Amino acid sequence: MGYIPTLSLFKELSNNQLVDMEWAYRFNRTYSGDSLFNNNESHHRYWVRYSSEKLEARLGLQKIVFGPSFVLRSLSWFDTIDLKDPTGQTDGVEAFRLRWFPSNSLSIWSWSILNDQDSLSFGGRAEVSINMGDLGFTYHQDPSKSLQTIGQIGIPIPGSHNRVAIDYRYDGFIGFWNESVRIKSDNIEIDMITVGADYTLPIASGVLIMTESMFISSKQNTTTSNQTFTAFMASLPVGMFHNVMLISTLDWEENNSYNYLRWSSTFDSFSINCMASL
């Protein structure tokens, strides 16, 4: 059971400029039967932002999310978003992020992030829209010497490292996307590739089907390991307020599968979400 009270304030300035801030606190409680199993309380967001037509600057505990993938996200570098979570919430990072929009088809990001070891990492991203789709180019450098884990899989990265990525999304008769990532440190190289596609079947109100596959290759000294994951999703709206979603993920190396069924009901003032593991 969770609750996130949120306070938001804003001040409009001249020439379409805005200053706003947000503070949110998260309460999480997990019960096993009648007993309280886990109780967690922490800051969820606290940031202040300046924005105009061409520029956005935000400082504080915030969400930094990018990339076109949905389930198997190679670009899940700074977030914990999980499609199986009906709330869509993610942990934040303490950062300063700057976004510049020189045109409608180009945006440029930069950021500096304070990690748990009080060291600063930095990076940037460019997003370009062309006739054949949307492209993204991302770079991040982390000088921290401590062991870190990134992504939904929790891939360990020992010591300081660099990350570079390119991603692409095309929307046409079918949707298609790709995320390709290389992570390199002094003693390890990690390559991650996600490929996905979706299509809406003309059945009832429209059945959205989607599949993604992620390939991971890790090379440390003379040892190489490989992992492959595949996800399938089907989503069906039921009437105006309800949606049924089935998510299946496969771990090809471990020969394991995980299946989840989610029912969501969305109304004007609240939503109800139910999740079952099959």
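These remarks concern the structure in this document.

Thresholds applied
- What you see as residue numbers is a count from 1 along each chain, following the sequence as written.
- Owing to the predicted nature of the model, reporting of local features is limited to residues with pLDDT of at least 70; listing and counting of side-chain atom pairs is limited to 80 or more, with chain, interface and lining totals taken over all residues.
- Note: side-chain values were computed over all heavy atoms of the structure, leaving out hydrogens and water.
- In this analysis, rings of Phe, Tyr and Trp, with Trp reduced to its six-membered ring, are considered paired at centre separations within 6.5 Å, and the interplanar angle assigns stacked below 30 degrees, edge-to-face beyond 60, and tilted for intermediate values.
- In our convention, an over-ring charge means Lys NZ or Arg CZ found within 6 Å of a ring centre and within 35 degrees of that ring's normal.
- Counting from the N terminus, the helices are DSSP H or I runs at least four residues long and the strands are E runs at least two residues long.
- Here a strand pair is declared whenever DSSP counts at least two bridges between the two strands.
- A 1.4 Å probe rolled over the protein chains alone gives each residue an accessible area, and that area as a share of the maximum for its type sets the label: buried under 20%, exposed over 50%, partly exposed in between.
- Counting of polar contacts relies on pairs of N or O atoms within 3.5 Å, with two restrictions inside protein: one atom must be capable of donating a hydrogen and the other of accepting it, and residues adjacent in sequence are counted only when both atoms are side-chain atoms.
- The nonpolar core is taken to be a set of buried Ala, Val, Leu, Ile, Met, Phe, Trp, Tyr and Cys residues, with the residues joined through side-chain atoms within 4.5 Å.
- Here, residues are in contact when the closest pair of their heavy atoms is within 4.5 Å.
- Here, a salt bridge means any Lys or Arg side-chain nitrogen found within 4 Å of an Asp or Glu carboxyl oxygen.

Bringing the packing of aromatic side chains into the picture now. Here a ring pair, both rings aromatic, is described through the centre-centre distance and the interplanar angle of the planes. Enumeration over the complete set of coordinates arrives at 12 aromatic pairs. Centroid distance tryptophan 23 to tyrosine 25: 6.1 Å. Interplanar angle 25°. Geometry classified as stacked. The structure contains a cluster of three or more aromatic residues connected by ring pairs, namely Phe66, Trp77, Phe78, Trp109 and Trp111. The ring of tryptophan 109 carries arginine 97 above its face, with NZ or CZ at 5.3 Å from the centroid.

Below, the discussion takes up unusual backbone geometry. You will see that asparagine 15, though not glycine, has its phi angle at about 55°, which is positive. You can see asparagine 15 is positioned in the loop between strand E2 (6–12) and strand E3 (18–32).

This next bit is on the pairing of strand E15 (residues 207–220). Here 14 bridges tie strand E14 (residues 188–201) to E15, and the two strands are oriented antiparallel to one another. Its bridge partner lying in E15, leucine 201 is registered against valine 207. Linking E14 back to E15 in an antiparallel pair, the connection comprises 5 residues, with alanine 204 at a positive phi of about 55°. Summarising the sheet, E15 and strand E16 (residues 223–238) pair through 13 bridges and their orientation is antiparallel. Pairing of isoleucine 209 across the sheet is with alanine 234, part of E16. Count of turn residues in the E15/E16 antiparallel hairpin: 2 residues, of which asparagine 221 carries a positive phi of about 55°.

Its place among the elements puts asparagine 273 in strand E19 (residues 271–277). The class for asparagine 273 is partly exposed, based on a relative accessible area of 31%. Here the side chain of asparagine 273 touches serine 264 through a polar contact of 2.9 Å, side chain to side chain.

Within a regular strand, side chains alternate between the sheet's two faces. Pairing between strand E13 (residues 175–185) and E14: 10 bridges, direction antiparallel. When the bridges of E14 are listed, isoleucine 183 appears paired with isoleucine 190.

Right, let's talk about the nonpolar core for a bit. Among the nonpolar cores identified, the biggest contains 30 residues, and Ile64, Phe66, Trp77, Phe78, Ile190 and Met192 are the most heavily contacted of them. Every element with two or more residues in this core is listed here: strand E6 (93–103), strand E7 (106–114), strand E11 (155–158), E13, E14, E15, E16 and strand E17 (242–251). Residues in contact with tryptophan 77, not counting those within four places in the same chain, are Phe66, Thr138, His140, Ile150, Arg163, Val164, Ala165 and Val181.

One pass over the structure, following the stated rule, counts 12 salt bridges. One salt bridge connects arginine 49 with aspartate 20, and the closest N-O pair in it is separated by 2.6 Å. Note that arginine 49 is positioned in strand E4 (residues 35–51) and aspartate 20 in strand E3, a separation of 29 residues in sequence. Among the residues examined, aspartate 20 registers a relative accessible area of 10% and is labelled buried. The partner of arginine 169 in a salt bridge is aspartate 198, and the shortest N-O contact between them spans 3.7 Å. Of this pair, arginine 169 sits in strand E12 (residues 161–171) while aspartate 198 sits in strand E14, and the two are 29 residues apart along the sequence. Of the residues examined, aspartate 198 reaches a relative accessible area of 15% and is grouped as buried.

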